[in-house]
Amino acid sequence: MEAASALSNQSCTWNGPERGRRRTGGGLRIQRGFGVDTRCPSIINLQVSQAGTSSYRSESLRMKISCCCSRKEESEKFLTGVDEALILKKKSEDVIPYMNERCLFLVGMMGSGKTTVGKILSEVLGYSFFDSDKLVEKAVGMYSVAQIFKERSEAFFRDNESKALRDLSLMRRLVVATGGGAVIRPINWSYMKRGITVWLDVPLEALARRIAAVGTESRPLLHNEPGDPYTKALIRLSTLSEERGDAYANADARICLQHIASKQGHGDVSALTPTAIAIEALVKIESFLSKDTAVERLTYF
Ligand SMILES: Nc1ncnc2c1ncn2[C@@H]1O[C@H](COP(=O)(O)OP(=O)(O)OP(=O)(O)O)[C@@H](O)[C@H]1O
Ligand SMILES: O=C(O)C1=C[C@@H](O)[C@@H](O)[C@H](O)C1
């Protein structure tokens, strides 16, 4: 089966409002702790204000939540989640007009969060989500990448990965989680650069921790090392990372988790939620696209 027909079989995610209004600059200020009603089901009233536009805009959001926030800690955590969700929504509205329906290709090592963050981005942008590994599995009629590596070869997998990326690059309004090794073939960049490429740059120790938590069975390039899951993941990821050198750095936007963690005052990237990472991705995409637009204007005049 061609990747294109596998594509049409993959289910699409939520198709929400596509177009948001364009806003210039502007930090988002969220005043917390407005009218938290701790009865069950709880109602929260948040005052959301956006500064930086010519007219200072504010709106009240009334949110129904499905749990009781009886403990302060839980309620704090919940409010952080609400804050992040609102910032994510606002940021997506800023970015959508610049996107011009172009696809987003997420690149990064195995376990860097391309699927997790990609699904969040697709929902908030009103795009559909695809995983290129899954498309290859469907296209060649095998149930896992591990099976393809074992019964055919890595080269066979890579050829089909390139075909899948070529097909995906001809579409609009997709978020694509690419395979960790998609960056090694220059032809794949020529496909992915038809859209916007985003690199999730995650420290190797954090990747190894995440992978060890779920096991290495589904990741054929990591599975054959000796030792416990964390150590074998870390050793192999280190060599892969060296082999791949600067390949990931070809991406249009780099989301460095270590930078975000430091900016937010965390010692460790494990404190970062997928939503916080998705927000940073939108910020970086906006910055890339606004530069892109400026260059286009300069070229035109
Ligand atoms: N920000 C995060 N914090 C903690 N764990 C995370 C985070 N993002 C993803 N994970 C976890 O890490 C694991 C790998 O995530 P995910 O599948 O999204 O990565 P991926 O880049 O798509 O991986 P692969 O390329 O191997 O398919 C999952 O178990 C996921 O739950
Ligand atoms: O980093 C890699 O080379 C790979 C990552 C996975 O997503 C799969 O594409 C496959 O296991 C190879």
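Residue numbers here run from 1 along each chain, matching the order of that chain's written sequence. Both sets of labels track the order of writing: A upward for chains, 1 upward for ligands. In keeping with the predicted nature of the model, local features appear solely for residues at pLDDT of at least 70, side-chain atom pairs appear and are counted solely at 80 or more, and the whole-chain, interface and lining totals rest on all residues. Water and hydrogen atoms were dropped before computing side-chain values, which therefore reflect all heavy atoms in the structure.

Under the annotation held in an unreviewed UniProt entry, the chain carries the name shikimate kinase and is attributed to Dendrobium catenatum. UniProt positions are given in the numbering used here, feature names are shortened, and annotations may be inferred rather than shown by experiment. The annotation that UniProt attaches to the chain under Catalytic activity (unreviewed entry) is "shikimate + ATP = 3-phosphoshikimate + ADP + H(+)". What the UniProt record of the chain gives under Sequence similarities (unreviewed entry) is the line "Belongs to the shikimate kinase family."

**Q** Whenever I open this one, the overall build of the chain confuses me. Can you help?
**A** Per the secondary structure count, the chain includes 12 helices and nine strands. Here the chain displays about 15,100 Å² of accessible surface, and carbon together with sulfur accounts for 53% of that area. Strands here are runs of E lasting at least two residues and helices are runs of H or I lasting at least four, both read from the DSSP assignment and numbered beginning at the N terminus. Using a 1.4 Å probe, accessible areas were evaluated by the Shrake-Rupley method; residue-level cover was limited to the displayed protein chains.

**Q** How should I be thinking about unusual backbone geometry in this particular structure?
**A** Phi is mostly negative for residues that are not glycine, and the peptide bonds are mostly trans. A positive phi angle, near 65°, is found at E101, a position not held by glycine. Turning to its location among the elements, E101 is positioned in the loop between α2 (72-99) and β5 (104-107).

**Q** Would you take a moment to explain the site of ligand 1 for this structure?
**A** The full set close to ligand 1 counts 14 residues, and G111, K114, T115, T116 and R219 are the nearest of them. Polar contacts, as counted here, are pairs of nitrogen or oxygen atoms within 3.5 Å of one another; within protein the pair requires one atom able to donate a hydrogen and one able to accept it, and residues that are adjacent in sequence qualify only if both atoms are side-chain atoms. In this structure, an oxygen atom belonging to ligand 1 sits 3.0 Å away from a main-chain N or O atom of G111. Contact distances for ligand 1 include 3.5 Å between a nitrogen atom and a backbone N or O atom of L272. Sorting the residues of the shell around ligand 1 by element identifies α3 (114-125), α8 (204-214) and α12 (274-300) as the ones contributing at least two each. Take the shell around ligand 1: its biggest share by element is three residues, from α3. Taken together, the residues that form the shell around ligand 1 break down as six nonpolar, five polar and three charged. What makes a residue near a molecule or strand is one non-hydrogen atom of that residue sitting within 4 Å of it. When residue character is reported, Ala, Val, Leu, Ile, Met, Phe, Trp, Tyr, Cys and Pro are called nonpolar, Asp, Glu, Lys and Arg charged, and the others, Gly included, polar.

**Q** Please clarify how the sheet that holds strand β7 (residues 174-177) should be interpreted in this entry.
**A** Within a sheet, each strand pairs with its neighbour through backbone hydrogen bonds, oriented either parallel or antiparallel. Strand pairing is assigned whenever DSSP detects at least two bridges linking the two strands. Pairing is parallel across the open sheet formed by five strands, whose spatial order is β6-β7-β5-β8-β9. Since the sheet does not close on itself, it has two edges, and those belong to β6 (128-131) and β9 (253-256), each with one partner. Ignoring strand direction, the axes of neighbouring strands in this sheet form an average angle of 20°. Contacts are assigned to residue pairs with any non-hydrogen atoms lying within 4.5 Å of each other. Angles shown run from 0 to 180 degrees and are taken between the N-to-C directions of axes, each axis being a line fitted to C-alpha atoms and, for helices, limited to the stretch in contact. Running at roughly 65° to β6, helix α4 (residues 132-140) makes contact with β6 and β7 of the sheet.

**Q** Teacher, can you tell me more about the site of ligand 2 here?
**A** By nearness alone, every residue bordering ligand 2 is listed as M110, D133, V145, F157, R158, G179, G180, G181, P220, L221 and R244. One of the side-chain nitrogen or oxygen atoms of D133 is found 2.7 Å away from an oxygen atom of ligand 2. One of the side-chain N or O atoms of R158 is found 2.8 Å from an oxygen atom in ligand 2. For ligand 2, the protein covers 94% of the area, taking 300 Å² as the surface of the free molecule. Those elements that provide at least two residues to the shell around ligand 2 are α6 (154-169) and α9 (220-223). Here the residues of the shell around ligand 2 sort into five nonpolar, three polar and three charged.

**Q** Even after reading the chapter, I still don't get the nonpolar core, so can you show me in this structure?
**A** Generally speaking, a soluble globular protein has its nonpolar side chains buried in company with each other. M99, L104 and L121 are the most contacted members of the largest nonpolar core, which has 70 residues in total. A total of seven residues in this core trace back to one element, the largest contributor, which is α12. Those residues in contact with L104 that lie beyond four places of it in its chain are M99, L121, L125, L174, V175, V176, I196, V198 and I285. Take the buried Ala, Val, Leu, Ile, Met, Phe, Trp, Tyr and Cys residues and link them wherever side-chain atoms come within 4.5 Å; each set so joined is a nonpolar core. Burial status follows relative accessibility: with a 1.4 Å probe on protein chains alone, a residue under 20% of its type maximum counts as buried, one over 50% as exposed, and anything between as partly exposed.

**Q** Hey, could you run me through the packing of aromatic side chains in this one?
**A** Stacked, tilted and edge-to-face pairs are distinguished by plane angle, under 30 degrees for stacked and over 60 for edge-to-face with tilted covering the rest, among Phe, Tyr and Trp rings (Trp via its six-membered ring) whose centres lie within 6.5 Å. A complete count under the given rule lists two aromatic pairs for this structure. Seen in terms of ring centroids, F149 and F157 are 5.3 Å apart; in terms of plane orientation they differ by 50°. Their pairing is tilted. The pair formed by F149 and F157 is uniform in burial state, with each residue classed as buried. Taken together, a centroid distance of 6.0 Å and an interplanar angle of 15° make the contact between W199 and Y248 stacked. You can see W199 sitting in strand β8 (residues 196-201) and its partner Y248 sitting in the loop between α10 (229-244) and β9, a full 49 residues away along the chain. Taken individually, W199 and Y248 each receive the classification buried, so the pair is uniform in this respect. Residue placement shows R152 over the ring face of F156; its charged tip is 3.9 Å from the ring centre. Counting as a charge over the ring demands two things of the Lys NZ or Arg CZ atom: a distance within 6 Å of the ring centre and an angle within 35 degrees of the ring normal.

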